[in-house]
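Remarks on the overall topology
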Amino acid sequence: MNPKESALLQELTGGAEPKLLLRSRTRIDAGRWWRGTPVWLCIIGNELLIFAVARRRYVDRVAIEDCHASFYSHAAGELMIKPAEKIRIGSFALTPREALSVLDLLVAHLQNA
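As a starting point, this report considers the structure included with it. Not measured: the values here are computed from a predicted model.

**Examining the overall build of the chain**
- Looking only at helices and strands, the chain features 2 helices and 7 strands.
- Secondary structure elements in the chain, listed N-terminal to C-terminal, are α-β-β-β-β-β-β-β-α.
- By the compact-globule yardstick of 13 Å for 113 residues, the chain fits well, its C-alpha radius of gyration being 14 Å.
- Dimensions of the chain along its principal axes, counting C-alpha atoms only, are 40 × 35 × 25 Å.

**Examining the packing of aromatic side chains**
- Applying the stated rule across the entire model yields 1 aromatic pair.
- On the numbers, 6.3 Å between centres and 10° between planes, the contact of W40 with F51 is stacked. One end of the pair, W40, is in strand 2 (residues 37–44); the other, F51, is in strand 3 (residues 47–53), and 11 residues separate them in sequence.

**Digging into the environment of A93**
- Among the structural elements, A93 can be located in strand 7 (residues 91–93).
- Put simply, A93 and V39 are 54 residues apart on the chain and 9.4 Å apart in space, counted from C-alpha to C-alpha.
- Excluding residues within four positions of it along the chain, A93 makes contact with S24, R25, T26, G77 and E78.

**Regarding unusual backbone geometry**
- Each neighbour pair has its own omega, and for K82 with P83 the value is -10°, a cis peptide bond.
- Tracing the sequence through the fold places P83 in the loop between strand 6 (78–80) and strand 7.

**Comments concerning the side chain of T13**
- Note that T13 resides in helix 1 (residues 3–13).
- Classification of T13 by relative accessible area gives buried; the value is 13%.
- Here L9 takes part through its backbone oxygen, which lies 2.8 Å from a polar atom of the side chain of T13.
- Setting aside its immediate chain neighbours within four residues, T13 contacts C42, I44 and L49.

**Considering the pairing of strand 3**
- Among the 7 residues that make up strand 3, 6 are buried, leaving the element largely enclosed by the rest of the structure.
- The pairing of strand 2 with strand 3 spans 5 bridges and is antiparallel. When the bridges of strand 3 are listed, C42 appears paired with L49.
- Taken together, strand 2 and the strand that follows it, strand 3, pair antiparallel across an intervening segment of 2 residues, in which G45 is found at a positive phi of about 60°.
- Here 7 bridges tie strand 3 to strand 4 (residues 57–63), and the two strands are oriented antiparallel to one another. Note that in strand 4 the partner of I50 across the bridge is D60.
- Counting the residues between successive antiparallel strands, the hairpin from strand 3 to strand 4 contains 3 residues.

**Some details on helix 2 (residues 96–112)**
- Here helix 2 contains 17 residues, and its C-alpha end-to-end distance of 24 Å stays within 8% of the 24 Å for a straight helix at 1.5 Å per residue.
- If you check which residues of helix 2 are buried, you get A99, V102, L103, L106 and H109. Around the axis of helix 2, the buried residues are gathered within 125° of arc, so they sit on the same side. Turned more than 90 degrees away from the buried face of helix 2 sit R97, Q111 and N112, all of them exposed.
- Tucked into the core, helix 2 has its buried residues touching strand 1 (20–28), strand 2, strand 5 (71–73) and strand 6.

Calculation notes
Residues numbered from 1 in each chain as written. Predicted model: local features only at pLDDT ≥ 70, side-chain atom pairs only at ≥ 80, totals over all residues. Heavy atoms only, no water. Helix = DSSP H or I, 4+ residues; strand = E, 2+ residues; numbered from the N terminus. Rg over C-alpha atoms; globule rule 2.2 N^0.38 Å. Phe/Tyr/Trp six-rings, centres within 6.5 Å; stacked < 30°, edge-to-face > 60°. Contact = heavy atoms within 4.5 Å. Buried < 20%, exposed > 50% of the residue type's maximum accessible area, 1.4 Å probe, protein only. Polar contact = N/O pair within 3.5 Å; in protein donor to acceptor, adjacent residues only side chain to side chain. Pairing = 2+ DSSP bridges. Expected span 1.5 Å × (residues − 1). Arc of directions from axis to C-beta.

Structure representation (structure tokens):
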């Protein structure tokens, strides 16, 4: 994690320890000239944070309750966050193991709620 990403994570979480922090292989245009910026997934409290930072910031927050139909698409190799229509990016390139760790935390939270 670079210093800009660390600073943004600190700002978003208020210093709280995330339950999960993953760097996806999904990249977006956040102001770099020649390459995309990696998108991070973070689970903290009852929220899923999605962020990336370079020259510009990309931040989305979604309640875990709004992710109840999320799944991993083996064909695409992506975690699909569903039905959270409020977020701009809904699929993230992750390994099956990484996607399973996200889904496990989402399901555990939904069962405890």
